[in-house]
Amino acid sequence: HFDFKKLGFFSSIVFSLVCLLSEVSAERPNVLLITVDTFRPDHLGAYGYVRETSPVLDRLASEGVIFHNTISSSSWTTPGLVSVLTGLWAPTHRVDRRGVSLSSSIPTMAKLLREEGYVAPDILYLSSIPNFQNLGFTRSYSDRDIFLPNGDEVLFQALKAYQDSTFFLYYH
């Protein structure tokens, strides 16, 4: 049994941000969520590091939202990423061991934004793993599988393919 109240805080933040930004501009903002699980923030320019180690991320951070105080819900990547996309702790979403998929009844950021008219294409290289099923992403552009093995190229091509859409892109 899933307790939808636990998702309330998460979804209210996402939709408050979307609504706030929508009021500021005539259009809804595109959402680009980038997660990285192996960076040290004390070595990134956006967090104050003086050497130029991350110019592209620093530029993105200067134009977007950067979080200075974050806590992972798990020491293992998979449950932590699923928590980011659901707003739930690993014991609640239950994707806390290999081979377990998210219940399709659990709301996710992608599902909620799609209900608001966003496109949420699957550009995640992890989506073929059972742990990353049912996250609410839709099959993306036809050349996705061509670009997927080429690292960041899948993101750049998705930005190009969906430039005329209101999108939610998740890249890890």
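Refer to the preceding data block for the structure.
Only a predicted model underlies this, so the values are computations on that prediction, with no experimental measurement involved.

J.: I would appreciate a short explanation of the packing of aromatic side chains in the present structure.
T.: Two descriptors summarise a pair of aromatic rings, namely the distance from one centre to the other and the angle between the planes of the rings. Using the criterion set out here, one finds two aromatic pairs in the structure. Taking 6.3 Å as the distance between ring centres and 15° as the angle between the ring planes, the aromatic pair formed by Phe137 and Tyr170 counts as stacked. Of this pair, Phe137 sits in the loop between helix 5 (109–115) and helix 6 (144–147) while Tyr170 sits in strand 2 (residues 168–171), and the two are 33 residues apart along the sequence. Residue class for Phe137 comes out buried when judged on its relative accessible area of 18%. Among the aromatic side chains, those forming a connected cluster through ring pairs are Phe137, Phe168 and Tyr170.

J.: Please explain helix 3 (residues 77–86) as it appears in this structure.
T.: Each α-helix turn comprises 3.6 residues. Residues three or four places apart therefore point the same way. Within helix 3, eight of the 10 residues are buried, leaving the element largely enclosed by the surrounding structure. Looking at helix 3, one finds that the buried residues are Thr78, Pro79, Gly80, Leu81, Val82, Ser83, Leu85 and Thr86. Where helix 3 terminates, the next one or two residues include Gly87, which has phi positive at roughly 80°.

J.: When you look at the nonpolar core in this model, what are you seeing that I'm missing?
T.: Most often, soluble globular proteins keep nonpolar side chains buried together rather than apart. With 20 residues, the main nonpolar core has Leu85, Phe132, Phe137, Phe168 and Tyr170 as its most contacted residues. Setting aside its immediate chain neighbours within four residues, Phe168 contacts Val31, Leu33, Leu85, Met109, Ala110, Leu113, Tyr118, Val119, Ala120, Pro121 and Phe137. With 10 residues, the next largest nonpolar core counts Tyr141, Phe147, Ala158 and Tyr171 among its residues.

J.: Got a minute to help me understand unusual backbone geometry in this structure?
T.: The phi angle at Arg94 is positive, at roughly 70°, despite the residue not being glycine. One can find Arg94 in the loop between helix 4 (90–93) and helix 5.

J.: How should I be thinking about helix 7 (residues 153–161) in this particular structure?
T.: The complete set of buried residues in helix 7 reads Val154, Leu155, Gln157 and Ala158. With its buried residues spanning 165° around the axis, helix 7 presents them on a single face.

J.: Even after reading the chapter, I still don't get the layout of surface pockets, so can you show me in this structure?
T.: Using a probe with the size of a water molecule, rolled over the atoms, empty space left in the structure can be pinpointed. Within this model, the second largest pocket holds a volume of roughly 280 Å³. Residue lining of the second largest pocket: 14 residues in total, with Ile34, Leu57, Asp152, Leu155 and Tyr171 positioned closest to the centre. Of the residues contributing to the lining of the second largest pocket, the split by class is 11 nonpolar, two polar and one charged.

Reading the values: rules and limits
Residues numbered from 1 in each chain as written. Predicted model: local features only at pLDDT ≥ 70, side-chain atom pairs only at ≥ 80, totals over all residues. Heavy atoms only, no water. Phe/Tyr/Trp six-rings, centres within 6.5 Å; stacked < 30°, edge-to-face > 60°. Helix = DSSP H or I, 4+ residues; strand = E, 2+ residues; numbered from the N terminus. Buried < 20%, exposed > 50% of the residue type's maximum accessible area, 1.4 Å probe, protein only. Core = buried A, V, L, I, M, F, W, Y, C linked by side-chain atoms within 4.5 Å. Contact = heavy atoms within 4.5 Å. Arc of directions from axis to C-beta. 1 Å grid on protein atoms, 1.4 Å probe; cavity = no way out; pocket = protein on both sides within 12 Å on 5 of 7 lines; lining within 4 Å. Points joined across faces, edges and corners; volume = space filled by probe spheres on them. Nonpolar A, V, L, I, M, F, W, Y, C, P; charged D, E, K, R; others polar.

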